[in-house]
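Now for the letters of each chain:
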Amino acid sequence: MTTAPTPQTIKSVGIIGGGQMGSGIAHVCALAGYDVRITDVSAEALTKAVAGIDANMTRQVARGRVTEEAKNAAMKLISTAPDYAIFKDCDFVIEAATEREEIKREIFKKLTPYLKPSAIIATNTSSISITRLAAVTDRPEHFIGMHFMNPVPVMTLVEVIRGIATDEPTFETVRDMSVKLGKTPVAAEDFPAFIVNRILLPMINEAIYVLHEGVGSVEAIDNAMHLGANHPMGPLALADFIGLDTCLSIMQVLYEGLADSKYRPCPLLVKYVEAGWLGKKAGRGFYDYRGEKPVPTR
Ligand code: CAA
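What counts, and at which threshold
- Residues numbered from 1 in each chain as written.
- Predicted model: local features only at pLDDT ≥ 70, side-chain atom pairs only at ≥ 80, totals over all residues.
- Heavy atoms only, no water.
- Helix = DSSP H or I, 4+ residues; strand = E, 2+ residues; numbered from the N terminus.
- Buried < 20%, exposed > 50% of the residue type's maximum accessible area, 1.4 Å probe, protein only.
- Contact = heavy atoms within 4.5 Å.
- Areas by Shrake-Rupley, 256 points an atom, 1.4 Å probe, with all protein chains shown as cover.
- Lys, Arg positive; Asp, Glu negative; His and termini not counted.
- Charge placed at Lys NZ, Arg CZ, Asp CG, Glu CD.
- Pairing = 2+ DSSP bridges.
- Axes fitted to C-alpha atoms, helices over the stretch in contact; angles between N-to-C directions.
- Near = heavy atom within 4 Å.
- Polar contact = N/O pair within 3.5 Å; in protein donor to acceptor, adjacent residues only side chain to side chain.
- Nonpolar A, V, L, I, M, F, W, Y, C, P; charged D, E, K, R; others polar.
- Domains from an automatic or database assignment.

J.: How do you make sense of the overall build of the protein chain when you look at a structure like this?
T.: A count of helices and strands for the protein chain gives 11 helices and 10 strands. Seen through its principal axes, the protein chain has C-alpha atoms that stretch 55 × 45 × 35 Å. Here the protein chain holds 298 residues, and 49% of them are scored as buried. Residue pairs at least 24 apart in sequence account for 66% of intrachain contacts in the protein chain once pairs closer than 6 positions are excluded. Carbon and sulfur atoms form 56% of the exposed surface of the protein chain, whose accessible area is close to 14000 Å². One finds the centroid of the 31 positive side-chain charges in the protein chain at a distance of 3 Å from the centroid of its 34 negative side-chain charges.

J.: I'm lost on the sheet that holds strand 4 (residues 92-95) in this one. Help?
T.: Through backbone hydrogen bonds, the strands of a sheet pair up, either in parallel or in antiparallel fashion. Across the sheet, 8 strands lie side by side as 3-2-1-4-5-6-7-8; this open sheet has mixed pairing. At either margin of the open sheet sits one strand with a lone partner, and together these are strand 3 (78-80) and strand 8 (184-188). The mean angle between the axes of side-by-side strands here comes to 25°, regardless of whether they run parallel or antiparallel. In terms of strand pairing, strand 1 (residues 12-16) meets strand 2 (residues 35-39) through 5 bridges, oriented parallel. In the sheet register, Ile15 faces strand 2, and the bridge partner there is Ile38.

J.: What is the right way to look at the site of the ligand in this model?
T.: Looking at the ligand, there are 18 residues lining it, with Arg63, Arg65, His147, Asn150 and Asn197 nearest. Asn150 has a polar backbone atom sitting 2.7 Å from a nitrogen atom of the ligand. Within the side chain of Asn197, an N or O atom sits 2.9 Å from an oxygen atom of the ligand. Expressed as a share of its isolated accessible area of 1000 Å², the protein-covered part of the ligand is 72%. Here the residues of the shell around the ligand are counted per class, giving 10 nonpolar, 5 polar and 3 charged. Counting contributing residues, the shell around the ligand receives three or more from each of domain 1 (7-188) and domain 2 (196-296).

Pasting the structure below:
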């Protein structure tokens, strides 16, 4: 068995998925000096990912958080391709695809033949068992959960989750790499939804029940938690920001994984997802984002 590389030997990072999480991870990795390679299912998705990273870095330059030179250097470190062949020299690959177990399992099965034996595989899953995902790879000891928060360039937490087989060098590598990315790592055990989402998603689900039962309007609920609990955004705006499909997937993992009815997904959340009203990325969720200002949909 090969030993996991140390943080010093990681130079290139592969990222699977150029959506909001994958792009954010690419953004912080490139700014930290890693050579970054992104794949996604289509060339359009990759073009959109790079344009999004460019726009977010430009915003950081405008706010004086990042210099123009650092931005230019980081953008030069990012390359994209629609297949896994670009990962052949990568020391580390992180999967940030859709939060659906069958999709992730397929990705890992296809990915492993392209990788160096020493490469670490991380998943940015927000809820799915690391141990179960690791089991479909050829290297469960070099497999780990590395869960970033959205928006990745702003949020400073990374949850680091060992599967049952994850070895200590892999854990230390990922913990040290998180620090190099300017984040604070927190270790979480491999139980459904780990720490943040085990606590956050039931709160969001409860806010949707409060809406469903007519206790308050979208605006009232969000104002109540924004002003009354000092949350930076209300729970329904946050649900839209995370993506209602992701929120529902996480609630299903909690409900099934912990077999407790207190995690039952709110039927109104299910209805929004069935309608394709998936939140900000779809233009509509608990708010309608298609006009100049977000307008509550209930
Ligand atoms: N990229 C880079 N910078 C960004 C950014 C992005 N995508 N989005 C926001 N920013 C920066 C802004 O440039 C701004 O920077 P300065 O402080 O230098 O001025 C700063 O973030 C604040 O942004 P804004 O002024 O535009 O807006 P805001 O003050 O309303 O903050 C927010 C926006 C950071 C999103 C804030 O509302 C917030 O923290 N919301 C809660 C986010 C949260 O809870 N995330 C966790 C979600 S759960 C999760 O991710 C886990 C999961 O698996 C589901």
